[in-house]
Amino acid sequence: MKPARKTLRRPDELVAAGLIAHERRGEIEAVAARYALALTAEVAELIDPADPRDPIARQFVPAAAELDARPEEMADPIGDDAHSPLEGIVHRYPDRVLLKPVHVCAAYCRFCFRREVVGRARALSRAQLDAAMTYIRAHSQIWEVILTGGDPLVLSPRRLGQIVDMLAAIDHVKVIRVHTRVPVVAPARVTAALVRALRAPGKATYVVLHANHARELTLEARAACARLIDAGIPMLSQTVLLRGVNEEAAALGELMRALVECRIKPYYLHHGDLAPGTAQWRTGIEEGQALMRALHGRLSGLCQPTYVLDIPGGHGKSPIGPNYLARVGGTNGALRYEVEDFNGRRHAYPPARRESSL
Ligand SMILES: *Cc1c(COP(=O)(O)O)cnc(C)c1O
Ligand code: SF4
């Protein structure tokens, strides 16, 4: 096996790699003192330093604007704390819980919705993990456990395997879902041993890949995903709608097609959460809806994610359109609608009766 190439963690390393200008080092030191910083070699090599609009740099190279928090932004934008009965567990919906075994990621996305937490808090201790398992065991309505963090695939295959085995021993847990960015940012971590660790006899394991631009799906990343899928692990994707990365229909469509070509079904397109210092990436909701309209009908149904907003305060995710159906009158038995097609034309439903049939 090739030795792991070096992860860049310090501003001076980013300067040396040509990713930030020397004059900017001071301001980037200030950002790095506040928020976790890491770019894997794979991420650094994907960046074209000559392109000021590089969509990979925009996601991973720190910028001074990250320290400009807006009044509407929040440290806990999706309200995890409000639904955390104990360390490492978020239980918002009855049938599924988040289990966060670790808060570390292989590379840190600058727009991260958990940016106030990632890279700081330590991994769950053995006692905390046992307590989390006791909680899951005690709640028989928990059908699915979602491993997230941080990025659970930074764990060694041995530790990941222990967690999966503990979950697999709980009868009512039928589905184990892993949310990760590792196949993109550190594909070499997806070894045969890691893939084996994710499988549990009698349970379904799903992996949800976080990817935001088609260029992230390098040959190495595609091969890492193929190792998971070939082992019988279905993959879905989640994408964050980001200005300067994927807010144009062509870029977003190219990403969705690339995912489907890798046998990964696009699942969610997330509207940007109100995490502190992330205004530079957030689009308007109408822009997001217009993008979804652009994808609808022009790309295969396989390429369509659901556009969702995580409601601040911990109220969960809801689809936010666009809506293709409008009620246009009628009462009870005679309800009438208009449905919009993929060209933006409206059609009555049920269709108006033709004169001849009267
Ligand atoms: C996002 C999330 C889930 C998963 O939601 P799905 O719609 O099933 O993908 C579960 N629990 C919490 C707390 C979440 O934030
Ligand atoms: S991989 Fe996820 S948790 Fe980690 S920095 Fe990126 S968005 Fe945040």
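Remember, it's a predicted structure, so these values are computed and weren't measured experimentally.

A. Summary view of the sheet that holds strand 10 (residues 325–329). With antiparallel pairing, the three strands of this open sheet are ordered in space as 10-11-12. Two strands in the sheet have a free side with no partner beyond their single neighbour: strand 10 and strand 12 (346–349). This sheet shows a mean twist of 30° between the axes of neighbouring strands, independent of strand direction. Here four bridges tie strand 10 to strand 11 (residues 336–340), and the two strands are oriented antiparallel to one another. Its bridge partner lying in strand 11, Arg327 is registered against Tyr337.

B. Region of interest: the nonpolar core. Core analysis: the biggest nonpolar cluster contains 85 residues, and Leu39, Leu99, Ile136, Leu167 and Leu209 have the highest contact counts within it. Each of two domains, domain 1 (11–67) and domain 2 (81–319), supplies a minimum of three residues to this core. Leaving out residues up to four positions away in the same chain, Leu167 has contacts with Leu99, Met133, Ile136, Val145, Leu147, Val173 and Ile176. Within the second largest apolar cluster, five residues are counted, among which are Cys105, Tyr108, Cys112 and Val118.

C. Structural detail: the sheet that holds strand 7 (residues 264–270). Taken in spatial order, the nine strands make up an open sheet running 1-2-3-4-5-6-7-8-9, and their pairing is mixed. Edge positions in the sheet fall to strand 1 (89–93) and strand 9 (316–319), since each of these pairs with one other strand and no more. Between one strand and the next, the sheet's axes are offset by a mean angle of 30°, whatever the strand orientation. In the sheet, strand 4 (residues 175–180) pairs with strand 5 (residues 204–210) via six bridges, with the strands oriented parallel. Residue pairing for strand 5: Thr180 is matched across the bridge by Leu209.

D. Here's a closer look at the side chain of His103. Summarising the element assignment, His103 is placed in the loop between strand 2 (96–99) and helix 5 (126–138). Of the residues examined, His103 reaches a relative accessible area of 7% and is grouped as buried. Once you skip the residues sitting within four places of it in the chain, His103 turns out to touch Tyr108, Val117, Val118, Gly119, Ala121, Arg122, Gly149 and Gly150.

E. Quick peek at the site of ligand 1. The local shell around ligand 1 consists of Val90, Arg92, Tyr93, Arg96, Leu98, Ile146, Arg177, Tyr267, Tyr268 and Lys317. Side-chain polar atom of Arg92 to an oxygen atom of ligand 1: 2.6 Å apart, as the coordinates give it. The separation between an oxygen atom of ligand 1 and a polar side-chain atom of Tyr268 is 2.5 Å. When ligand 1 is considered free in solution it has 380 Å² of accessible area, and contact with the protein chains removes 92% of it. Breaking the shell around ligand 1 down by element, the ones donating at least two residues are strand 1, strand 2 and strand 7. For the shell around ligand 1, the element with the highest residue contribution is strand 1, accounting for three residues. Split into classes, the residues belonging to the shell around ligand 1 amount to six nonpolar, no polar and four charged.

F. Examining the pattern of salt bridges more closely. Counted under the stated rule, the structure contains 24 salt bridges. A salt bridge links Arg293 to Glu340; the nearest nitrogen and oxygen atoms lie 2.5 Å apart. Of this pair, Arg293 sits in helix 11 (residues 285–295) while Glu340 sits in strand 11, and the two are 47 residues apart along the sequence. Its salt-bridge partner being Glu340, residue Arg346 comes within 3.6 Å of it at the nearest N-O pair. A relative accessible area of 47% places Arg346 in the partly exposed class. Overall, Glu340 belongs to the buried group, its relative accessible area being 13%. In the salt-bridge network here, residues are joined through shared partners; they are Lys6, Arg10, Asp12 and Glu13.

G. Main features of the packing of helix 5 against helix 6 (residues 157–168). Interaxial distance between helix 5 and helix 6 falls to 10 Å at its minimum, and their mutual angle equals 25°. If you check the angle between helix 5 and helix 6, you find them roughly parallel. The chirality of how helix 5 crosses helix 6 is right-handed. Facing helix 5, whose interface residues are Arg126, Leu129, Asp130, Met133 and Ile136, helix 6 presents Gln162, Ile163, Met166 and Leu167. Here the contact of helix 5 with helix 6 is composed, by residue class, of six nonpolar, one polar and two charged.

Parameters at a glance
- Residues numbered from 1 in each chain as written.
- Chains lettered and ligands numbered in written order.
- Predicted model: local features only at pLDDT ≥ 70, side-chain atom pairs only at ≥ 80, totals over all residues.
- Heavy atoms only, no water.
- Pairing = 2+ DSSP bridges.
- Helix = DSSP H or I, 4+ residues; strand = E, 2+ residues; numbered from the N terminus.
- Axes fitted to C-alpha atoms, helices over the stretch in contact; angles between N-to-C directions.
- Core = buried A, V, L, I, M, F, W, Y, C linked by side-chain atoms within 4.5 Å.
- Buried < 20%, exposed > 50% of the residue type's maximum accessible area, 1.4 Å probe, protein only.
- Domains from an automatic or database assignment.
- Contact = heavy atoms within 4.5 Å.
- Near = heavy atom within 4 Å.
- Polar contact = N/O pair within 3.5 Å; in protein donor to acceptor, adjacent residues only side chain to side chain.
- Areas by Shrake-Rupley, 256 points an atom, 1.4 Å probe, with all protein chains shown as cover.
- Nonpolar A, V, L, I, M, F, W, Y, C, P; charged D, E, K, R; others polar.
- Salt bridge = Lys/Arg side-chain N within 4 Å of Asp/Glu carboxyl O.
- Parallel < 35°, antiparallel > 145°, perpendicular 65-115°, else oblique.
- Left-handed = near helix turned anticlockwise from the far one by under 90°.

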